[in-house]
Amino acid sequence: VQLQASGGGLVQAGGSLRLSCAASGRTFSDDMMGWFRQAPGKEREFVARIRWNNSKTDYADSVKGRFTISRDVAKNTAYLQMSSLKPEDTAVYYCAADPSGYSGRYYSPQRYTYWGQGTQVTVSS
């Protein structure tokens, strides 16, 4: 399974970006797809997740109301729409997938089996 993250870039505070995570080598069914981010000197942190089969979503408090995770089943691709971006959103964003069908501890990076390569998001003030 390969995950290809894209869509990062440089944006001013208040702006928007949409990240994509295209999966190949596996057709998702009961999988869970998550987005995480890691800023320099900080641990990787949970951002959002979606269950592939029912679109159930969860978000970190820091992004709730500003970010939206979604998926396109036909394209086997997940998205992270980011709006009202803040400088503190600056980080490398990673997508990850867990094929187990289990939803517990979805906020933990250890739950996820497959990882994309990361895409840089920089928000200037």
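As the structure is a computational prediction, the values presented were derived from the model and not from experiment.

> Looking at this model, I keep getting lost on the environment of glutamate 45. Mind explaining?
Residue placement: glutamate 45 occurs in strand β5 (residues 45-51). On the basis of relative accessible area, glutamate 45 is assigned to the partly exposed category, the value being 37%. C-alpha separation for the pair glutamate 45 and tryptophan 35, spaced 10 residues apart in sequence, amounts to 8.8 Å. Aside from chain neighbours lying at most four places away, what touches glutamate 45 is Trp35, Phe36 and Arg37. Within the structure, the side chain of glutamate 45 is placed 2.6 Å from the side chain of arginine 37, a separation counted as a polar contact.

> Looking at this structure, how should I read the sheet that holds strand β1 (residues 2-6)?
The strand order across the open sheet built from 4 strands is β1-β3-β8-β7, with neighbouring strands paired in antiparallel fashion. Here the strands that pair on one side only, and so sit at the sheet edges, are β1 and β7 (67-72). Ignoring which end each strand starts from, the neighbouring axes of this sheet average 15° apart. Of the pairings in the sheet, the one linking β7 to strand β8 (residues 77-82) comprises 6 bridges and is antiparallel in character. For threonine 68, the partnering residue across the bridge sits in β8 and is glutamine 81.

Basis of the calculations
- Counting restarts for each chain, with residues numbered from 1 along the sequence as it is written.
- Whole-chain, interface and lining totals are the exception, using all residues; otherwise, since this is a predicted model, local features are given only for residues with pLDDT of at least 70 and side-chain atom pairs are given and counted only at 80 or more.
- Only hydrogens and water are set aside when side-chain values are computed; all heavy atoms of the structure are taken into account.
- Per the convention used, a helix needs a DSSP run of H or I reaching at least four residues, while a strand needs a run of E reaching at least two, with both numbered from the N terminus.
- For the exposure calls, accessible area comes from a 1.4 Å probe over protein chains only, and a residue counts as buried if that area is under 20% of its type's maximum, exposed if over 50%, partly exposed in between.
- Note on contacts: a residue pair is in contact if any heavy atoms of the two residues lie within 4.5 Å.
- A 3.5 Å cut-off defines polar contacts: any pair of N or O atoms within that distance qualifies, except that in protein one atom must be a possible hydrogen donor and the other a possible acceptor, and neighbouring residues in sequence count only when both atoms are side-chain atoms.
- Whether two strands pair depends on DSSP finding at least two bridges between them.
- For helices, the fitted axis covers only the stretch in contact; all axes are lines through C-alpha atoms, and the angles between them, taken along N-to-C directions, range from 0 to 180 degrees.

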